[in-house]
Amino acid sequence: MMDFEYVSLDKTGKEIRGVLSANTVQEAKLKLKESGLVIVKIEPKKESLFSQNQKIKDDDLYTIAKEMSVLLNSGIVLDRAIKMVIDSIEQEKLKIFLEGILKDVKGGKALSDAFEDKKMFDPLVITMLKVGETTGNLKDAFDNIAQYTDFRIKFRNEIRNAMAYPMFLVFASFVTLVAIFKLIIPRFFSIFGSNPKHLPFISRILYEFSKSLNTKTEVIFTLLVVGIYLLSKYFKLNLYQRLTNYFIYTPILGTLIIQIELSKFCYAMYAMLKNGVEFIKALDLATNVIKNDFIKEDFKKTSPKIKEGKSIGEAFEELSFVPPIFKGMIKVGDESGNMKDMFYELYALFDEKLKNTIKRVLSLVEPIIITVMGLVVGTIVVSLMLTVMNVSNIKL
């Protein structure tokens, strides 16, 4: 089966765009004619280099889930609610996607199956929809999806906002150093001719380094950065995941990584249990939210242990990377039978700890960057002063 993009006209002359699946283009045309549509254009769907298994953006998912929750809560039937969401969205790709969902639902397919067939959503979202269909409460399912997506958006924005100033310092330092080595140092040392042998040792190092920053080097560096970016997209490399694997055992960054992962895991567990997902299923899905390989593998061991007969508290007690307070609160939640609220309390706890740790790390990063820049610029200034002081020994 192939996907075909089409542009057609209905009986009123209204333009309709969409995507349908067929074995051949002739079969696709026949399906459209049987639907009473006049074909304007039809062609195989073009897949960009990086579009395979592309996930829907959290912002778009939040918009869809929030609007669906409001509309279903107002008593509007499912297919009409989807149609109203389509009419309210301006993005053409998102419209086409939802039109495909609407077509599947009208064809008798379950909403969760229609979402799952698109392969654009996390299993956690699909499970929430399936539970909502089983209980006949899709309104709350979409509301929980919206809350969970909103948490992810805010969590990501908090990290980005916290890193904005340090990244600006790094960028400004990089630009300053490039300007010094490309503009100031070459012009200064050009006064003493092209032979650097009689320059002071530190001056020769700076001079040779500035000479290496030519157009060829810049092109190679740019191509290298672009190449790494394209490869990471093509092979779906997760740089965050790989970096966290290296830094998990470091004193400060390791603590930060654990708090990030536990915060996400606890909120995912809370959202799933709130939506009525059974504990083992929720545990398996929430474990997939964790990006760090070491922590994920540690959590994957808990589900089989619970199935073997161990209590939840006992299974979590054997985790290696989590702090004692996590194990203690899970044990209390297990004994009290109130795991949902306990996971929310743990999320709030680790979210607060994460914010404090980020502030503490940034309070160290900023002076380190400024100190390093001061040392580099100071070294350059000393080098220039030594060159001027030894000008009588330099053969021009």
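What counts, and where the lines are drawn
- Residues numbered from 1 in each chain as written.
- Predicted model: local features only at pLDDT ≥ 70, side-chain atom pairs only at ≥ 80, totals over all residues.
- Heavy atoms only, no water.
- Helix = DSSP H or I, 4+ residues; strand = E, 2+ residues; numbered from the N terminus.
- Buried < 20%, exposed > 50% of the residue type's maximum accessible area, 1.4 Å probe, protein only.
- Contact = heavy atoms within 4.5 Å.
- Axes fitted to C-alpha atoms, helices over the stretch in contact; angles between N-to-C directions.
- Parallel < 35°, antiparallel > 145°, perpendicular 65-115°, else oblique.
- Left-handed = near helix turned anticlockwise from the far one by under 90°.
- Nonpolar A, V, L, I, M, F, W, Y, C, P; charged D, E, K, R; others polar.
- Patch = residues over 30% accessible without salt bridge, like charges linked within 9 Å, V, L, I, M, F, W, Y side chains within 5 Å.
- Areas by Shrake-Rupley, 256 points an atom, 1.4 Å probe, with all protein chains shown as cover.
- Salt bridge = Lys/Arg side-chain N within 4 Å of Asp/Glu carboxyl O.

(A) Spotlight on the overall build of the protein chain. The number of helices and strands found in the protein chain is 17 helices and three strands. With 396 residues in all, the protein chain has 38% of them scored as buried. Look at the contacts in the protein chain between residues 6 or more apart in sequence, and 59% of them connect residues 24 or more apart.

(B) Expanded view of the packing of helix α2 (residues 58-73) against helix α7 (residues 138-189). Packing of α2 against α7 brings their axes to within 8 Å, and their N-to-C directions diverge by 150°. With respect to their mutual orientation, α2 and α7 come out roughly antiparallel. The crossing of α2 and α7 is left-handed. When α2 is examined against α7, the residues D58, D59, L61, Y62, A65, K66, M68, S69, L72 and N73 are found in contact with a partner set consisting of L138, K139, F142, D143, I145, A146, T149, D150, R152, I153 and R156. Residue classes in the contact of α2 with α7 are distributed as ten nonpolar, three polar and eight charged.

(C) Inspection of a nonpolar patch on the surface at higher detail. A contiguous nonpolar surface patch, about 570 Å² in accessible area, is contributed by F171, F174, V175, V178, F221 and V225. If one sorts the elements of the nonpolar patch by residue count, α7 sits on top with four residues.

(D) Representation of the pattern of salt bridges. Taken as a whole, this structure holds 13 salt bridges when the rule is applied. Two residues, D117 and K109, come together in a salt bridge whose shortest N-O distance is 2.6 Å. For D117, a relative accessible area of 44% gives the class partly exposed. A residue is classified by how much of its surface remains accessible, and K109, at 34% relative accessible area, is partly exposed. Of the charged contacts in the structure, one is a salt bridge between D351 and K355, with a shortest N-O distance of 3.4 Å. One end of the pair, D351, and the other, K355, are both in helix α17 (residues 339-389), four residues apart, so they sit about a helical turn from each other. The exposure class assigned to D351 is buried, which follows from its relative accessible area of 11%. Here K355 falls in the partly exposed class, since its relative accessible area comes to 32%. What you see here is one network of salt bridges that share partners, running through D58, R152 and R156.

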